[in-house]
Amino acid sequence: MIDILISENISGAAVDALTSRFKVSRQPDLWENQEALLEAAQSARTLIVRNKTLVTGDLMCAAKHMIAVGRAGAGLDNIDVKSANQAGVVVAFTPDQNSISAAELTMGLMLGLMRKIPQAAQDTSAGGWHRHQFVGTELYGKTLGIIGAGKIGYLTAMRARAFGMNILAYDPFLSSDNVLLCELRAELVELEDLLARADVVSCHVPASPHTKGLINRERLKLMKPTACLINTARGPVVVEEDLVEALKSKTIAGAALDVRISEPPKSGELNQMPNVILTPHIAAFTHEAQSRVTRAVCDDIARLLEGKPAKYAATKFNLPQNGR
Ligand code: MLT
């Protein structure tokens, strides 16, 4: 029996520290082979994953000794939390540890889009000096529309405020007297209103049946022709083929995507568009965020193995409910 199975590339001082206290099996490629994963999980007490390992209901059933799954990250789209609840397996995750990094990347993409930084850099590196080709737009005085005003949406809006932007927020879970929205002087509006008024629309919602395809052809048509769309949340929130259409027909001016419907994505029309910035799901990939995320998940897994409750549980309970 091993104490901790790690099925993805997760490393650092916190993982090294676990190996001195527990029996750890590090298998960074295990996520690629679901059958091998299921087999390995049968003799593991806990499992640590990032976003590639599919933690299915079958896995929860097969892993008879498992007390907890640790997700090094915030999103839970690769984990069947409902099955974990049924199996009494704690799912520990790291909801806030990479929010600053995600907000900072969003600002970077926003500046990149509005000031054409990637295009200008590429052209200049290739020997060009075409200042007049790269006339951009200031953020100052423009309106940012935040779709989802949770931690990352809030931190992004805070930073945008420092640039002199006005903030619109759409979040069905908040009311207009929400203290954080008041602090931001953000106006809570309906999605359609936000899309029609914002100069930059930025998505910060989790993956769920309610957010799948949220930004589709009809909603893109509501945006200003000068507006840009940023998605650092989850790929399925934006219907990619509708976005391609909106960019080609100049319904909107530009887009930046850090997340895609399938990751890694196949090369397609978006790769050829000059007004599009594509990055490989790096919002959480800073040294600081990764170290916080790894430390938090390792701490919680160690706590659970020692019979203590998890600090950040996504399940209804923070101690295993299966008597293991
Ligand atoms: C998260 O959900 O924490 C980020 O998107 C990064 C990741 O998926 O690992």
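Before any of the text, the structure's been laid out above.
Attention in this report is confined to the structure presented alongside it.

Parameters and conventions
- Residue numbering note: each chain is counted from 1, following its sequence as written.
- Local features are withheld for residues below a pLDDT of 70 in this predicted model, meaning they are given only at 70 or higher, and side-chain atom pairs are given and counted only at 80 or more; totals for whole chains, interfaces and linings count all residues.
- Here the side-chain values reflect all heavy atoms present in the structure, with hydrogen atoms and water set aside.
- The term salt bridge refers to a side-chain nitrogen of Lys or Arg lying within 4 Å of a carboxyl oxygen of Asp or Glu.
- Put simply, DSSP marks the helices as runs of H or I at least four residues long and the strands as runs of E at least two long, and each gets a number from the N terminus on.
- Only protein chains enter the area calculation, which uses a 1.4 Å probe; residues under 20% of their type maximum are buried, those over 50% are exposed, and those in between are partly exposed.
- Here, two cysteine sulfur atoms that lie within 2.5 Å of each other are counted as a disulfide.
- Pairs of strands are assigned from DSSP output, requiring at least two bridges between the strands.
- Axis definition: a line fit to C-alpha positions, over the contact stretch in the case of helices; interaxial angles, taken between N-to-C directions, run 0 to 180 degrees.
- Between two residues, a contact is recorded if the distance between any of their heavy atoms is within 4.5 Å.
- Residue proximity to a molecule or strand is established when one non-hydrogen atom of the residue lies within 4 Å of it.
- For the purposes of these results, a polar contact is taken to be a pair of N or O atoms within 3.5 Å, where, inside protein, one atom must be able to donate a hydrogen and its partner to accept one; residues adjacent in sequence count only when each atom of the pair is a side-chain atom.
- Using a 1.4 Å probe, accessible areas were evaluated by the Shrake-Rupley method; residue-level cover was limited to the displayed protein chains.
- Residues are grouped as follows: Ala, Val, Leu, Ile, Met, Phe, Trp, Tyr, Cys and Pro are nonpolar; Asp, Glu, Lys and Arg are charged; all remaining types, including Gly, are polar.
- Among buried residues, those of type Ala, Val, Leu, Ile, Met, Phe, Trp, Tyr and Cys that are joined through side-chain atoms within 4.5 Å constitute a nonpolar core.
- Residues scored as positive are Lys and Arg, those scored as negative are Asp and Glu, and His as well as the terminal groups of each chain are ignored.

Looking at the pattern of salt bridges
So, step 1. Scanning all chains against the criterion turns up eleven salt bridges.
So, step 2. The salt bridge involving Arg197 is made with Asp193; its shortest N-O contact spans 3.3 Å. Here the residue Arg197 and the residue Asp193 both occupy positions in helix 9 (residues 191-197), the gap between them amounting to four residues, near one helical turn.
So, step 3. Judged by its relative accessible area of 34%, Arg197 falls in the partly exposed class.

Remarks on the state of the cysteines
So, step 1. Here the structure, examined in full by the defined rule, presents zero disulfides.
So, step 2. Between Cys228, a free cysteine, and Cys203, which holds the nearest cysteine sulfur, the sulfur-to-sulfur gap is 13 Å.

A look at the sheet that holds strand 1 (residues 2-6)
So, step 1. Strand order across the open sheet formed by five strands is 2-1-3-4-5, with parallel pairing between neighbours. Each of the sheet's edge strands pairs with one partner strand only, and the pair in question is strand 2 (24-26) and strand 5 (90-92). With direction set aside, neighbouring strand axes in the sheet form an average angle of 20°.
So, step 2. Pairing between strand 3 (residues 44-49) and strand 4 (residues 68-71): four bridges, direction parallel. Its bridge partner lying in strand 4, Val49 is registered against Arg71.
So, step 3. Sitting on the sheet, helix 1 (residues 13-21) is in contact with strand 1, strand 2 and strand 3, with an inclination near 135° to strand 2.
So, step 4. Here helix 13 (residues 287-305) sits on the sheet and contacts strand 1, strand 3, strand 4 and strand 5; the angle it forms with strand 4, its principal contact strand, is near 170°.

Points about the site of the ligand
So, step 1. All residues in the neighbourhood of the ligand are listed as Arg50, Asn51, Arg71, Gly73, Ala74, Gly75, Asn98, Arg234, His281 and Ala284.
So, step 2. In the environment of the ligand, an oxygen atom lies 2.6 Å from a nitrogen or oxygen atom belonging to the backbone of Ala74.
So, step 3. Taking Asn98, its side chain carries an N or O atom lying 2.9 Å from an oxygen atom of the ligand.
So, step 4. Protein chains shield 90% of the accessible area of the ligand, which is 260 Å² for the free molecule.
So, step 5. Its residues assigned to classes, the shell around the ligand shows two nonpolar, five polar and three charged.

So, the nonpolar core
So, step 1. With 30 residues, the main nonpolar core has Ile147, Ile215, Leu229 and Leu243 as its most contacted residues.
So, step 2. Elements with a minimum of two residues in this core: strand 7 (166-170), helix 9, strand 9 (200-203), helix 11 (240-248) and strand 11 (254-257).
So, step 3. Looking at which element gives the most residues to this core, the answer is helix 11, with four residues.
So, step 4. Dropping the residues within four chain positions of it, Ile147 is found in contact with Tyr170, Leu191, Leu194, Leu195, Val201, Ser202, Cys203, His204, Val205, Leu214 and Ile215.
So, step 5. Within the second largest apolar cluster, 28 residues are counted, among which are Leu139, Leu155, Ala169 and Leu184.

Some words on the sheet that holds strand 12 (residues 276-278)
Backbone hydrogen bonds hold the strands of a sheet together, and the pairing may be parallel or antiparallel.
So, step 1. Here seven strands make up an open sheet; going across it, the order is 8-7-6-9-10-11-12 and the pairing parallel. Strands with a single pairing partner mark the edges of an open sheet, and in this sheet they are strand 8 (187-188) and strand 12.
So, step 2. With respect to the sheet, helix 7 (residues 151-162) is in contact with strand 6 (143-147) and strand 7, its orientation differing from that of strand 6 by roughly 175°.

Describing the side chain of Arg50
So, step 1. As for its position among the elements, Arg50 is in the loop between strand 3 and helix 3 (57-62).
So, step 2. One buried charged residue, Arg50, forms no salt bridge at all, with the nearest opposite charge on Glu8 at 4.9 Å.
So, step 3. Leave out the neighbours within four places in its chain, and Arg50 touches Glu8, Asn9, Ile10, Arg71, Ala72, Asn78, Phe285 and Gln290.

A closer look at unusual backbone geometry
So, step 1. For the peptide bond that leads from Glu263 to Pro264, omega is -5°, which places it in the cis range.
So, step 2. A positive phi angle, close to 55°, is found at Lys116, a residue other than glycine.
So, step 3. Within the secondary structure, Lys116 sits in the loop between helix 5 (99-115) and helix 6 (117-125).
So, step 4. Positive phi is not limited to glycine here, since Arg185 has a value of about 55°.
So, step 5. Position of Arg185 among the secondary structure elements: in the loop between helix 8 (179-184) and strand 8.
So, step 6. By relative accessible area, which is 61% here, Arg185 ends up exposed.

Notes on the environment of Lys224
So, step 1. In this structure, Lys224 sits in the loop between helix 10 (217-222) and strand 10 (228-231).
So, step 2. In this view, Lys224 contacts Leu195, Ala196, Arg197, Ala198, Asp199, Thr251 and Ile252; residues no more than four positions away in its chain are not counted.
So, step 3. Only 2.9 Å separates the side chain of Lys224 from the side chain of Asp199, close enough to count as a polar contact.

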